[in-house]
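Take a look at the letters that make up each chain.
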Amino acid sequence: MKVYVNGHAVFLMEGMTVRHALLASQFGESWEKAAVRDEWGNEVGMEGALQEGQKLHVTFSPHDAE
Amino acid sequence: MKKLLLLILLASVLFSLSVLGVPCRLDAGEKRQIRILHVNDFHGFAAPYRPYGSDELWGGAAFLDAEIRSLRSDPAVPTLLLAAGDMIQGDNWANLFQGRSVIELMNAMAFDGMVMGNHELDFGQAALKERIREATFPVLAANVRGIPGLKPFVIKEIGGVKVAVIGLVTERTPLCTHPANAVGLTFLSPRASLEADLPELRKAADVVIVLTHLGHDADRVLAQQVAGGVDAVIGGHSHTRVANPPGIGNAPVLQAWEHGKALGVLDLTLKDGRVTAYSARLVDVKPGGRPAEGPVASLVGRYSQRMEALLSEVVGRTRISLNAAEARYRETNFGSFVADVVRRTAGADVALINGGTLRRSIRKGPIVLKDLHSALPFNNYVVAFRLRGDKLREALEHGVAAVEARDGAFPQISGMTVAYDSLKPPGRRIQRITVGGRELESGREYTVATHDFLAAGGDGYKVFGEVVSAEDLAHPAEGGRQGSKLVYNDASRWLRDIVADTIRTLHEIRPLTENRIVEVSAP
């Protein structure tokens, strides 16, 4: 299954969630500090299910980025 | 004869009405308001908790119940309470009772219906059937065949308004649970199932609610596909906090985040027997310094006490201390034991987990379930895939690349041995690898078991993540599914539960280090 994290494609196994998408992306271990939204700006939980082609947008608060 | 025919006709009309109900007969111009409350993906989070990045407590069944009771208190606004799936599995509070605690909670909160989520199958079909039997509300899934007690839809009358609620669950459910959980079940297309039942529901009810466990993206597509045919799509699965719900085909598409941290509120206004207006919002659920009170709080407390008792279970004994403290820089007996469990569970040639999986050592003597929860605190599950020998070597090179830093990536292994030289530069440290007593063959495929964290590329194991991407690019329709490169993928059981079951079966363990990982430069 292919999903996009901040525009970059990541590939996941069936049943993997938002948390796995972040692990597979450039954000790696910092996933715990991330705020994740879908393409419509809705916040999504780390255990949220994904579907083929889904787009996620990850941001970090300025405090966490330091 | 005429009398008999009339009687048969009358009986069949009465039967039809009893099954389908009679459409509401609102007086011309009469307005009614009804309210639908909804939650999804509760996952047994009965107690409030601090989500990552938050200093505040969120959720808590007692506080969710308080919001529900408050919103139900206006007799002029009749209310339905619905759940959009994945309610009974997740937190210990649910798992240790195979979801029974959650069903009791939902009964106490007077839920009117729920759709089955994919995780409702995680304890197996027998447990799910039992939960359905215990529920005082219908469990719905119009697109699932094979589970007795499951209903396609329900029609409820509230305040003189007939509301049909039809349930739909993701048809990908069998792909991400243990195969045994889905044996004999058929998952049909959600859209086709909805379209098959919709004409009947529209005839029988004033309002049609689609209660799904498909994910918000899929809900939006579904709403478009049946535009004008339904009055709301209330979903779960993607854990989406839909604060500003879109209206698609005149129907709001809603979802209320996760873990009871939000309560969805949908107010519908009806005129002349059809919905003419809606408003939707999410109510945050937080304790806000209040104590948990009332019957739901008592129920949560009762099960929490039972949970503590169950966590005190002695699952077996270890005749030797289980070493997690050194798992980040050398082979340990605990690491090898867990890696063995992972390999055997998946039936793989080899297993590799990261030392960071193990968080606490266990002293020799009785092993209490709570010890295992502390030692293996992460909700990891077992996966396995086919990997070429050279790629396995690459994974092991990564595992020992930062051994000096004692980070969590250091491997604990099963079914193979590794010799490495920490004085060599990272990426060129592996001296020798054997699998099943034979030298590793670079071009040969091996089945490699690990857990989902590493399979996704966690702790820098990008080579594992690349297995899926390579397969996905080659065969997009099969990528990520079992049967391609992926040979085992059971998200329905946590690794710690499998370890606990293994120890229960063995009664007593005495795992030793066996020179599976040898540092050749060590003095």
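This one's a predicted model, so the numbers in the text were calculated from it and none came from an experiment.

Trainee: Run through the overall build of chain B, naming residues and quoting values.
Mentor: The secondary structure content of chain B amounts to 14 helices and 27 strands. Taking all 523 residues of chain B together, 50% fall into the buried category. Taking as baseline every contact in chain B between residues at least 6 positions apart, the subset at least 24 positions apart corresponds to 73%.

Trainee: Residues and numbers for the overall build of chain A, please.
Mentor: Helix and strand content of chain A: two helices and five strands. Per-residue burial for chain A yields a buried fraction of 45% across its 66 residues.

Trainee: Give a description of the nonpolar core that names residues and reports values.
Mentor: Residue and element names in this part refer to chain B. The biggest cluster of nonpolar side chains holds 93 residues, and the ones touching the most others in it are L140, I166 and I209. With seven residues, the single largest contributor to this core is strand β7 (residues 161–169). If you look at the next biggest cluster of nonpolar residues, it comprises 81 residues, including A327, Y420, I433 and F453.

Trainee: Can you break down the domain arrangement of chain B residue by residue, with the values?
Mentor: Residue and element names in this part refer to chain B. With domains assigned, chain B is organised as domain 1 (30–308) and domain 2 (313–519). Taken over C-alpha atoms, the centre of domain 1 sits 37 Å from the centre of domain 2. Taken together, the six residues of domain 1 in the interface contact seven residues of domain 2. In terms of residue class, the side of domain 1 that touches domain 2 is built from two nonpolar, three polar and one charged.

Trainee: Help me get a handle on the confidence of the model for chain A, residues and values and all.
Mentor: Residues and elements named next belong to chain A. The predicted model of chain A averages 86 in pLDDT, with 83% of residues at 70 or higher. By mean pLDDT, helix α2 (residues 62–65) is the weakest element of chain A at 45, and strand β4 (residues 43–44) is the strongest at 96. pLDDT under 50 marks residues 62–66. Its contacts with residues more than four places away, or in other chains, come to two contacts.

Trainee: I'd love a proper account of the pairing of strand β14 (residues 262–271) of chain B, names of residues and values included.
Mentor: Residue and element names in this part refer to chain B. β14 sits mainly inside the fold: seven of its 10 residues count as buried. Sheet analysis places strand β1 (residues 31–39) next to β14, joined by eight bridges and oriented antiparallel. Bridge pairing in β14 links I36 to L266.

Trainee: I'd like to hear about the sheet that holds strand β22 (residues 430–435) of chain B, residue by residue, with values.
Mentor: Residues and elements named next belong to chain B. Read across the open sheet, the four strands follow the order β23-β22-β21-β27; overall the sheet is mixed. Across the chains shown, the open sheet's two edge strands, defined by having one partner strand only, are β23 (438–439) and β27 (517–519). Direction of pairing for strand β21 (residues 416–420) relative to β22: antiparallel, over a ladder of five bridges. If you follow M416 over to β22, its bridge partner there is V435. Set on the sheet, helix α11 (residues 389–401) makes contact with β21 and β22; between it and β22 the angle comes to about 130°.

Trainee: Got a sec to walk through the interface of chain A and chain B? Specific residues and values, please.
Mentor: Of the residues lining the interface, 23 residues belong to chain A; the matching set on chain B comes to 35 residues. Among the secondary structure elements, those contributing two or more residues to the side of chain A that touches chain B are α1 (18–24) and β4 of chain A. If you tally residues by element for the side of chain A that touches chain B, the top one is α1(A), at three residues. Split by residue class, the side of chain A that touches chain B holds nine nonpolar, seven polar and seven charged. Judged from the two bridges that link them, β4(A) and strand β11 (residues 240–241) of chain B form a sheet pairing that is antiparallel. Directly across from A:E43, in β11(B), lies its bridge partner B:R241.

Trainee: An account of the packing of helix α9 (residues 333–346) of chain B against helix α14 (residues 495–506) of chain B is requested, with residue identities and associated values reported.
Mentor: Residue and element names in this part refer to chain B. One can describe the packing of α9 onto α14 by two numbers: an axis separation of 10 Å at closest approach and a directional angle of 95°. Classified by the interaxial angle, the pair formed by α9 and α14 is roughly perpendicular. Listed contacts from α14 to V338, V341, V342 and T345 of α9 are L495, I498, V499 and T502. Of the residues contributing to the contact of α9 with α14, the split by class is six nonpolar, two polar and no charged.

Trainee: Go over the packing of helix α4 (residues 100–108) of chain B against helix α8 (residues 295–311) of chain B with me, naming the residues and quoting the values.
Mentor: Residue and element names in this part refer to chain B. Axis separation between α4 and α8 bottoms out at 10 Å; the angle between their running directions is 170°. Considering the angle they form, α4 stands roughly antiparallel to α8. Touching S101, E104, L105 and A108 of α4 are P295, V296, L299 and Y303, all from α8.

Reading guide: rules and limits
- Residues numbered from 1 in each chain as written.
- Chains lettered and ligands numbered in written order.
- Predicted model: local features only at pLDDT ≥ 70, side-chain atom pairs only at ≥ 80, totals over all residues.
- Helix = DSSP H or I, 4+ residues; strand = E, 2+ residues; numbered from the N terminus.
- Buried ≥ 20, exposed ≤ 12 C-beta atoms within 10 Å, placed from the backbone.
- Contact = placed C-beta atoms within 7 Å.
- Core = buried A, V, L, I, M, F, W, Y, C linked by C-beta atoms within 7 Å.
- Domains from an automatic or database assignment.
- Nonpolar A, V, L, I, M, F, W, Y, C, P; charged D, E, K, R; others polar.
- pLDDT = per-residue confidence, 0-100.
- Pairing = 2+ DSSP bridges.
- Axes fitted to C-alpha atoms, helices over the stretch in contact; angles between N-to-C directions.
- Parallel < 35°, antiparallel > 145°, perpendicular 65-115°, else oblique.

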